[in-house]
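Below are the chains, spelled out letter by letter.
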Amino acid sequence: MRKLLLKSLVQGPLTEPAPPADESALAELAARVSRASWRRLGRTLSIRAVDAGSCNGCELEIHALNNVLYDLERFGLRFVASPRHADVLLVTGPVTANMREALERTYQATPEPKWVVAVGHCARDGGVFAGSYACVGGVSAVLPVDLHIPGCPPSPSALLAGLLALLESVSKPP
Ligand code: SF4
């Protein structure tokens, strides 16, 4: 035991250092999402994240958008607690049988115009959980999906690029 303790003191951490973040590219991407949101909606974008049954890997990347590194709110994009305040539903995971009704109700509670973004491989077709008795499939099995962001899980940059693609593809409401 003592040997092990000494070894852990002498030896440095075994984890690899995190790759350097390309802050300028990220800031540019987030600013473009913000500008596109103002152009299409006349205001900032409000996002409601919905976990329909994921392993939480996709949530960790979504939460990272709010950490000190990505700090999405500095560009005016924000996560909201209620679907009644949301423009976009960011749905992760395969849709489980237990979450199906909650997801449908969340969609019904979201005001128009609204968009559904399926996040991660599981949200597309069930991913590694496809075929499970507990899952009804991907998000499109329950809701109309406007965009799918692939990845297992997708990175915060991929999430931002997806939101930008969504905003650039939708037409301005009358
Ligand atoms: S796509 Fe990957 S990280 Fe996301 S819920 Fe599925 S298994 Fe988890």
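So, here's what we can say about the structure.

Rules used throughout
In this numbering scheme, every chain counts its residues from 1 along its sequence in written order. In view of the model being predicted, local features appear only for residues whose pLDDT reaches at least 70, and side-chain atom pairs are presented and counted only at 80 or more, with totals across whole chains, interfaces and linings using the full set of residues. Excluding hydrogens and water, the side-chain figures rest on all heavy atoms present in the structure. When we say a residue is near a molecule or strand, we mean one of its heavy atoms is within 4 Å of it. Working definition: helices are DSSP H or I runs of at least four residues, strands are E runs of at least two. Numbering for both runs from the N terminus. In the scheme used here, Gly and all other residues not listed as nonpolar or charged are polar, with Ala, Val, Leu, Ile, Met, Phe, Trp, Tyr, Cys and Pro taken as nonpolar and Asp, Glu, Lys and Arg as charged. In the sections that follow, a salt bridge refers to a side-chain nitrogen of Lys or Arg positioned within 4 Å of a carboxyl oxygen of Asp or Glu. Any residue under 20% of the maximum accessible area for its type is buried, any over 50% is exposed, and the rest in between are partly exposed; the area is computed with a 1.4 Å probe on protein chains only. Like charges are joined within 9 Å and nonpolar side chains (Val, Leu, Ile, Met, Phe, Trp, Tyr) within 5 Å, but only among residues with over 30% relative accessible area and no salt bridge; these make up the patches. Method for areas: the Shrake-Rupley scheme with a 1.4 Å probe, in which residue coverage is limited to the protein chains shown.

Moving on, we come to the site of the ligand. Close to the ligand lie Ser-54, Cys-55, Gly-57, Cys-58, Gly-120, His-121, Cys-122, Gly-151, Cys-152 and Pro-153. At the level of elements, helix H3 (57-64) and helix H5 (121-125) are the ones that each hand at least two residues to the shell around the ligand. Partitioned by chemical class, the residues of the shell around the ligand number five nonpolar, five polar and no charged.

A side chain with one charge may pair with a side chain of the opposite charge, provided their charged atoms come close. With the rule as written, the count across this model stands at five salt bridges. Across the salt bridge formed by Asp-125 and Arg-124, the nearest N and O atoms sit 3.8 Å from each other. Take Asp-125: its relative accessible area is 42%, and that puts it in the partly exposed class.

The subject of this paragraph is a nonpolar patch on the surface. Taken together, Met-1, Leu-4 and Leu-5 make up a surface patch of nonpolar side chains, about 380 Å² in accessible area. Here Leu-4 shows up in helix H1 (residues 2-10). In this structure Leu-4 comes out as exposed when scored by relative accessible area, which is 58%.

By themselves, these are just geometric observations and shouldn't be taken as functional.
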